[in-house]
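Residue-level structural notes
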Amino acid sequence: MAETIAKNEGKMTQKEKRIAAYFLARPEAILVESNSDIAQKLNVSPMTLTRFFRKLGFADSADARSQAVQNAYGPASYRADQRFETRHAQDQSENSAQDLNVTRASIDAAFAFRNSDLWEDVVGLIAKSDAVHATGFQTMHYLADGFCRRLSYLRDRVHIVDGIDGVYSGLLPTEGERAVLIIIDVFRYGAHGPVLAKLARERGIDVVIFADEFCDWATGITPYVLRYPAETQFFLAMPQGISTGLNLLLQDISSKLGDQAKQRVKKLAEAQDHFGLFLD
């Protein structure tokens, strides 16, 4: 299906691109998930899903599923049926094994990013910018807040952006100032994300986006987009790939800042001792 999607991507609507991104990330979904489940997960109508399959040249979703089964399993397609009929009857050990595999994939992706030119660019931006702002939408606010609190140990002028005032007034750089905005979000993405990213770019602010692999709205707004495997099988996931990526980012920013970060941490430690913040 990946080849067929690539040939037709230019003719797809925004919602169809969302569906395409999902199948590229989860090619087995065509075999194991119903139309209604996929449509609900992606927040599209079943009819939009049907139009997507027809645009790819299939009669309908059943036709697409049938051909996928043939491609994947050949004449012995019953093996797929047998496998997926028992999917929800797996015992705890089987579920744990699947969860472990997904967790490893997420963490592996985070470490793989660390070896890329994109990663080096992001580290340099956040280390050297005059000011750093961060925001997380929906349940991702805790990651943005935690990242800001930790980053403030390494450098000054780090701010969490919450949008409570409705206009994100904190994103008003002074003339000549170089600022960077970090946005963290996963599907279903906050409506303010693209709006805020575009506004920041218009104001000359660099934008870095941490998201899951389904994120299609960031392309064209900023080159600094880090996409991690979507951990969709977890209930209310606290994404381990993104969390690991943020931990690695702090580590590499610390190295980039070198003595500057060392001196700042030392002064903060002295302040902690002065105020007696810890028991020992």
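Residues numbered from 1 in each chain as written. Predicted model: local features only at pLDDT ≥ 70, side-chain atom pairs only at ≥ 80, totals over all residues. Heavy atoms only, no water.

The next point concerns the pattern of salt bridges. Think of it this way: side chains of opposite charge can pair up when their charged atoms draw near. All chains considered together, the criterion is met by six salt bridges. Between Glu 16 and Lys 55 there is a salt bridge whose closest N-O contact spans 2.8 Å. On the criterion of sequence distance, the pair formed by Glu 16 in helix H2 (residues 14-25) and Lys 55 in helix H5 (residues 46-55) is long-range, its members being 39 residues apart. Between Asp 145 and Arg 149 there is a salt bridge, and its shortest N-O distance comes to 2.8 Å. A residue pair is termed a helical-turn pair when its members lie 3 or 4 positions apart in one helix, as Asp 145 and Arg 149 do in helix H10 (residues 141-151) at four residues. Assessed through its relative accessible area of 55%, Arg 149 is described here as exposed. (Salt bridge = Lys/Arg side-chain N within 4 Å of Asp/Glu carboxyl O. Helix = DSSP H or I, 4+ residues; strand = E, 2+ residues; numbered from the N terminus. Buried < 20%, exposed > 50% of the residue type's maximum accessible area, 1.4 Å probe, protein only.)

Attention now moves to the environment of Lys 198. Within the secondary structure layout, Lys 198 lies in helix H11 (residues 192-202). Separated by 24 residues in the primary sequence, Lys 198 and Thr 222 have C-alpha atoms spaced 8.7 Å apart.

The next thing to look at is the packing of H2 against helix H4 (residues 35-42). Packing of H2 against H4 brings their axes to within 11 Å, and their N-to-C directions diverge by 115 degrees. The angle between the axes of H2 and H4 places the two elements in the roughly perpendicular class. When you trace H2 past H4, the crossing you get is right-handed. The residues of H4 that touch H2, namely those facing Arg 18, Ile 19, Tyr 22 and Phe 23, are Ile 38, Lys 41 and Leu 42. (Axes fitted to C-alpha atoms, helices over the stretch in contact; angles between N-to-C directions. Parallel < 35°, antiparallel > 145°, perpendicular 65-115°, else oblique. Left-handed = near helix turned anticlockwise from the far one by under 90°. Contact = heavy atoms within 4.5 Å.)

Further remarks concern the pairing of strand S4 (residues 206-212). Of all seven residues making up S4, seven are buried, and the element is well covered by its neighbours. Residues Asp 206, Val 208, Phe 210 and Asp 212 line one face of S4 and the alternating positions Val 207, Ile 209 and Ala 211 line the opposite face, and both faces are buried. What joins strand S3 (residues 179-184) to S4 is H11, and the crossover it makes is right-handed. (Right-handed = clockwise from strand over helix to strand, strands pointing away.)

Okay, the side chain of Thr 222 next. Note on placement: Thr 222 falls in the loop between S4 and strand S5 (224-228). Look at Thr 222 and you get buried, because its relative accessible area is 7%. A polar side-chain atom of Thr 222 sits 2.6 Å from the main-chain carbonyl oxygen of Val 207. At 3.1 Å, the side chain of Thr 222 forms a polar contact with the backbone nitrogen of Tyr 224. Apart from the residues within four sequence positions on either side, Thr 222 is in contact with Val 207 and Ile 209. (Polar contact = N/O pair within 3.5 Å; in protein donor to acceptor, adjacent residues only side chain to side chain.)

Phe 23, Phe 52, Phe 53, Ile 183, Ile 209 and Trp 217 are the most contacted members of the largest nonpolar core, which has 45 residues in total. Within the residue set of this core, elements represented by two or more residues are H2, helix H3 (29-32), H4, H5, helix H6 (61-73), S3, H11 and S4. Apart from the residues lying within four places of it in its own chain, the contact partners of Phe 53 are Met 1, Phe 23, Ile 30, Asn 35, Phe 58, Asp 60, Ser 61 and Ala 64. Membership of the second largest hydrophobic core comes to 35 residues, among which are Ala 110, Phe 147, Leu 246 and Leu 249. (Core = buried A, V, L, I, M, F, W, Y, C linked by side-chain atoms within 4.5 Å.)

Right, let's get into the pairing of S5. Within S5, four of the five residues are buried, leaving the element largely enclosed by the surrounding structure. Strand direction decides the pairing type here: S4 and S5, joined by five bridges, are parallel. Within S5, the position partnered with Val 208 by the bridge is Tyr 224. (Pairing = 2+ DSSP bridges.)

For the rest of this paragraph, the subject is the sheet that holds strand S2 (residues 158-160). Strand order across the open sheet formed by five strands is S2-S1-S3-S4-S5, with parallel pairing between neighbours. Unpaired on one side and paired on the other, S2 and S5 mark the two borders of the sheet. The average undirected angle you get between the axes of adjacent strands in this sheet is 15 degrees. Relative to S2, strand S1 (residues 131-136) runs parallel, the two being bridged by three bridges. Within S2, the position partnered with Ala 134 by the bridge is Ile 160. Packing of helix H9 (residues 117-128) onto the sheet brings it into contact with S1, S3, S4 and S5, and relative to S5 it is tilted by some 120 degrees. Relative to the sheet, H11 contacts S1, S3 and S4, its axis offset from that of S3 by approximately 170 degrees.

Let us look at the side chain of Asn 35. Among the secondary structure elements, Asn 35 is positioned in helix H4. Within polar-contact distance, the side chain of Asn 35 engages the side chain of Ser 61 at 2.9 Å. Those residues within four positions of Asn 35 in sequence are excluded, and the remaining contacts are Leu 49, Thr 50, Phe 53, Ser 61 and Arg 65.

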